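Fold and geometry: a report
These are the residues of each chain, in order.
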Amino acid sequence: MAFYLGVMSGTSLDGLDIALIEQGEQPRLLATRYLPMPSDLRQDLLSLCASGPDEIARAALAENRWAGLAAEGIRQLLAEQKLEPSAIRAIGSHGQTIRHEPARGFTVQIGNPALLAELTGICVVGDFRRRDVAAGGQGAPLVPAFHEALFGHLGQRLAVLNVGGFSNLSLIAQDTPVHGFDCGPGNVLLDAWIERKRGQTFDADGAWAASGKVQDELLAALLRDPFFAGNGPKSTGREVFNLPWLDAHLAALPHYRDEDVQATLLELTARSITDALHNAQQGTEALMVCGGGARNGTLMNRLAALLPAAKVTSTSAQGVDPDWVEAMAFAWLAHCCLEGIPANRPSVTAARGLRVLGAIYPA
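Quick caveat: nothing in here was measured; it's all calculated off a predicted structure.

**Describing the environment of S47**
Note on placement: S47 falls in helix α1 (residues 39-47). Taking the C-alpha atoms as reference points, S47 and L29, 18 residues apart in sequence, are found 34 Å from one another.

This is the structure we're talking about:
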């Protein structure tokens, strides 16, 4: 048995998730800590998702702040659990993605793992995605192998859906290599639209979307994006799906009420997921949802309506809190790195083969 920490901040940039796991035959969640992202750091990180002046220096300063925030959260969690840093074998730190363009041969996550090791006195494993990209892969999603480790014993033909800023599916069936891919935007457009129109960072429970009406012409135009064709391997990010992308579609169509656009964006998330699942895995018995989208009742209801033959639940139905699955995954990825266990899946990323992921920064 060994203790690991996982640190995750996703494309939604709402905050840092920190999970403490015990790694035995299966990973077990012991404790968690959430730190809201300071608004100025969030804006700095968002601005780095596109080219701008002095971006190398701005990225270096932002990642130092990110590492400092993560270190503070880790200190708080360890104090609550009455654990010394020496009790933790390693921290798995995803860092913050600011660019993801595997077609051009790169993905960039910042978070200064060397500084995080210095601030915590704990070995840090970071930079998980670039090894897969170097092997010709997408570098994402990386969670399907963890989903398989966590839920593969259930013996069902199941899918695990993570809905963060973007959505991704892991398809798990007996005697078949795990398959997975990004489906498209999860919360990223929903969050961006409500922030622009109402000054809110997210649509709680999908209530604003539920007040609007899906606009079929707009939905059809959005779904014609080339990304939605095919079953992967594929991954995406803010480089593809962003407000300028949405604005270009809106400019070519009649004017819609703001809440109708929000309703259509939620339907885009639901349809892109369920269409992909229908195409990639027939006869899915269960869909288990994790990430922030699991807390969106309107989205969960649409997924259930579009998948009448499958049981749609959050991962909490299996005793795993949906808010912490990704942070747990990066704790598990740190374990795999230190044990020399390959953690990518070529069936997911199209890498040339299995690879041990991550770079080690000793304490």
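What follows continues from the structure just given.
**Concerning empty space enclosed by the protein**
On inspection of all chains with the given rule, the structure shows one cavity of 30 Å³ or more. Each pocket or cavity is described by its volume, and for the largest cavity that value is around 30 Å³. Of all elements in the fold, only α5 (144-151) and α13 (346-349) reach the threshold of two or more residues within the lining of the largest cavity. Its residues assigned to classes, the lining of the largest cavity shows six nonpolar, two polar and one charged.

**Description of unusual backbone geometry**
Phi is mostly negative for residues that are not glycine, and the peptide bonds are mostly trans. For the peptide bond that leads from A140 to P141, omega is -10°, which places it in the cis range. The residue P141 is located in the loop between α4 (129-134) and α5 in this model. For the bond from G232 to P233, the omega torsion is 5°, close enough to zero to count as cis. Position of P233 among the secondary structure elements: in the loop between α8 (216-223) and α9 (243-251).

**Structural notes on the UniProt feature "binding site: ATP" (unreviewed entry) in the protein**
Those places that UniProt annotates as "binding site: ATP" (unreviewed entry) correspond, in this numbering, to G10, T11, S12, L13, D14, G15, L16 and D17. Lining the second largest pocket, from the residues named above, are S12. When neighbours within four sequence positions are excluded, S12 is seen to be in contact with R42, G165, D191 and R238. Look at L16 and you get buried, because its relative accessible area is 0%. With near-sequence residues (within four places) excluded, L16 lies in contact with V7, M8, S9, R33, Y34, L35, M37, W66, L69 and A70.

**Comments concerning the environment of A60**
Position of A60 among the secondary structure elements: in helix α2 (residues 55-80). When its relative accessible area of 34% is taken as the criterion, A60 is described as partly exposed. When the C-alpha atoms of A60 and V320 are compared, they prove to be 35 Å apart, with 260 residues separating the residues in sequence.

**Brief notes about the pairing of strand β6 (residues 106-110)**
Two strands pair when backbone bridges link them, and strand β5 (residues 96-101) and β6 are joined in this way by five bridges, in the antiparallel orientation. Counted as the bridge partner of Q96 is I110 from β6. Where β5 hands over to β6, the hairpin turn is made up of four residues, of which G105 adopts a positive phi near 85°.

**Some remarks on the sheet that holds strand β12 (residues 311-314)**
Spatial ordering of the open sheet is given by β10-β9-β8-β11-β12, a layout of five strands whose pairing is mixed. Each edge of the open sheet is held by one strand with a lone partner, namely β10 (179-185) and β12. Taking the axes of each pair of neighbouring strands and ignoring which way they run, one obtains an average angle of 20° across the sheet. Sheet topology note: the strand β8 (residues 158-163)/strand β9 (residues 166-172) ladder contains six bridges and is antiparallel. Across the sheet, L158 pairs through a bridge with I172, a residue of β9. Strand contacts of helix α10 (residues 258-280): β8, β9, β10 and β11 (286-290), with the helix running at about 155° to β10, the strand carrying the most contacts.

**Regarding the packing of α5 against helix α12 (residues 325-339)**
At their nearest, the axes of α5 and α12 sit 10 Å apart, and the two run at 95° to each other. Compared by their axis directions, α5 and α12 come out roughly perpendicular. Two secondary-structure elements touch here, α5 through A145, F146, H147 and A149 and α12 through V325, M328, A329 and W332. Residues that form the contact of α5 with α12 fall into these classes: seven nonpolar, one polar and no charged.

**Remarks on helix α3 (residues 113-120)**
For α3, every residue scored as buried is listed here: P113, L116, A117 and T120. Mapping the buried residues of α3 onto a view down its axis gives an arc of 100°, with all of them on the same face. Buried-residue contacts for α3 involve α2, β4 (88-93), β7 (124-126) and β13 (359-361). The first or second residue beyond α3 is G121, which carries a positive phi of 70°.

About the criteria used
Residues numbered from 1 in each chain as written. Predicted model: local features only at pLDDT ≥ 70, side-chain atom pairs only at ≥ 80, totals over all residues. Heavy atoms only, no water. Helix = DSSP H or I, 4+ residues; strand = E, 2+ residues; numbered from the N terminus. 1 Å grid on protein atoms, 1.4 Å probe; cavity = no way out; pocket = protein on both sides within 12 Å on 5 of 7 lines; lining within 4 Å. Points joined across faces, edges and corners; volume = space filled by probe spheres on them. Nonpolar A, V, L, I, M, F, W, Y, C, P; charged D, E, K, R; others polar. UniProt positions renumbered as here; feature names shortened; annotations may be inferred. Contact = heavy atoms within 4.5 Å. Buried < 20%, exposed > 50% of the residue type's maximum accessible area, 1.4 Å probe, protein only. Pairing = 2+ DSSP bridges. Axes fitted to C-alpha atoms, helices over the stretch in contact; angles between N-to-C directions. Parallel < 35°, antiparallel > 145°, perpendicular 65-115°, else oblique. Arc of directions from axis to C-beta.

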